[in-house]
Amino acid sequence: IETFTVGTDYILDTKLLPYDIIGSIAHSKMLESIWVISNAEFIKLEKGLNEILELSKKGEFQILKTQEDCHTAIEQYLTEHYGEVGKKIHTGRSRNDQVLTMIRLFMKDIHADFTQWVEKLISNINKRALEFNIQKMPGYTHAQRAMPTTVGKWLDSYAVAINDQLKLFASIWSILDQSP
């Protein structure tokens, strides 16, 4: 039953663990700000969460199949190493809140990486367009020869089209950058 219900989610959560920790630190700060936990408890939670993050980076923090996911693994670690305060990490939020926050933080990183990659692609196309700006070539429209153009203009048309798509892609950021 465990193999069926858990599947390989616990392995995927290893990649998502840093994002859950970021969300958990922010959530702990909020709990402290509304006096649900004390400053001393917040300090313990933040220390423990950062420990988990460092252990994870070294490959020394494992999420077990029996734990099902990173949320349970984090809570168990905090409780084992820091006592009852570890159980307070979930106060005032559902598992769904945690998952959505973690996934949005992950997607923001992917979005930023992809945006940088596409900007670099556009820059490289523009460099090549300048390099071949006077190299003549036949223009085409509807798969038929049309007005003469240059390789530079042809390359530039791709850079402009990709940049237009990048502007549309940028709108996704505002969706990702809101509280779930």
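Every value quoted in this text rests on a predicted model; they were computed, and no experiment measured them. (Residues numbered from 1 in each chain as written. Predicted model: local features only at pLDDT ≥ 70, side-chain atom pairs only at ≥ 80, totals over all residues. Heavy atoms only, no water.)

## Section: the pattern of salt bridges
Following the criterion strictly, the structure yields six salt bridges and no others. With a shortest N-O distance of 2.5 Å, Lys108 and Asp177 are connected by a salt bridge. Here the residue Lys108 occupies a position in helix α5 (residues 95-131), and Asp177 occupies one in the segment after α6 (151-176), the gap between them amounting to 69 residues. Glu131 is paired through a salt bridge with Arg128; the nearest N and O atoms lie 3.1 Å apart. With a gap of three residues between them, Glu131 and Arg128 both fall in helix α5, about one helical turn apart. (Salt bridge = Lys/Arg side-chain N within 4 Å of Asp/Glu carboxyl O. Helix = DSSP H or I, 4+ residues; strand = E, 2+ residues; numbered from the N terminus.)

## Some thoughts on the packing of aromatic side chains
A complete count under the given rule lists five aromatic pairs for this structure. Here Tyr19 and Phe106 contribute two aromatic rings whose centre-to-centre distance is 5.6 Å and whose plane-to-plane angle is 80 degrees, an arrangement assigned as edge-to-face. Of this pair, Tyr19 sits in helix α2 (residues 9-33) while Phe106 sits in helix α5, and the two are 87 residues apart along the sequence. On the basis of relative accessibility, which here comes to 17%, the residue Phe106 falls in the buried class. Where Trp154 meets Tyr158, the ring centres are 5.3 Å apart and the plane angle is 80 degrees; that geometry is what we call edge-to-face. Here Tyr158 and Trp154 lie together in helix α6, a separation of four residues that amounts to about one turn. Taken together, Phe114, Trp117 and Phe169 form an aromatic cluster joined through their ring pairs. (Phe/Tyr/Trp six-rings, centres within 6.5 Å; stacked < 30°, edge-to-face > 60°. Buried < 20%, exposed > 50% of the residue type's maximum accessible area, 1.4 Å probe, protein only.)

## As for α5
Between its first and last C-alpha, α5 extends 54 Å over 37 residues, near the 54 Å set by a 1.5 Å rise per residue. Within the span of α5, buried status applies to Gln98, Met102, Phe106, Lys108, His111, Thr115, Val118, Ile122, Ile125 and Ala129. Looking at the packing, one finds that the buried side of α5 touches α2, α4 (70-82) and α6. (Expected span 1.5 Å × (residues − 1). Contact = heavy atoms within 4.5 Å.)

## Some words on the layout of surface pockets
Of the pockets and cavities examined, the largest pocket occupies roughly 290 Å³. What lines the largest pocket is a set of 16 residues, among which Thr101, Leu105, Gln178, Ser179 and Pro180 lie closest to the centre. If you list the elements that add at least two residues to the lining of the largest pocket, you get α2 and α5. Residue contributions to the lining of the largest pocket peak at six residues, all from α5. For the lining of the largest pocket, the residue count by class is five nonpolar, six polar and five charged. (1 Å grid on protein atoms, 1.4 Å probe; cavity = no way out; pocket = protein on both sides within 12 Å on 5 of 7 lines; lining within 4 Å. Points joined across faces, edges and corners; volume = space filled by probe spheres on them. Nonpolar A, V, L, I, M, F, W, Y, C, P; charged D, E, K, R; others polar.)

Purely geometric numbers; function is a separate question.
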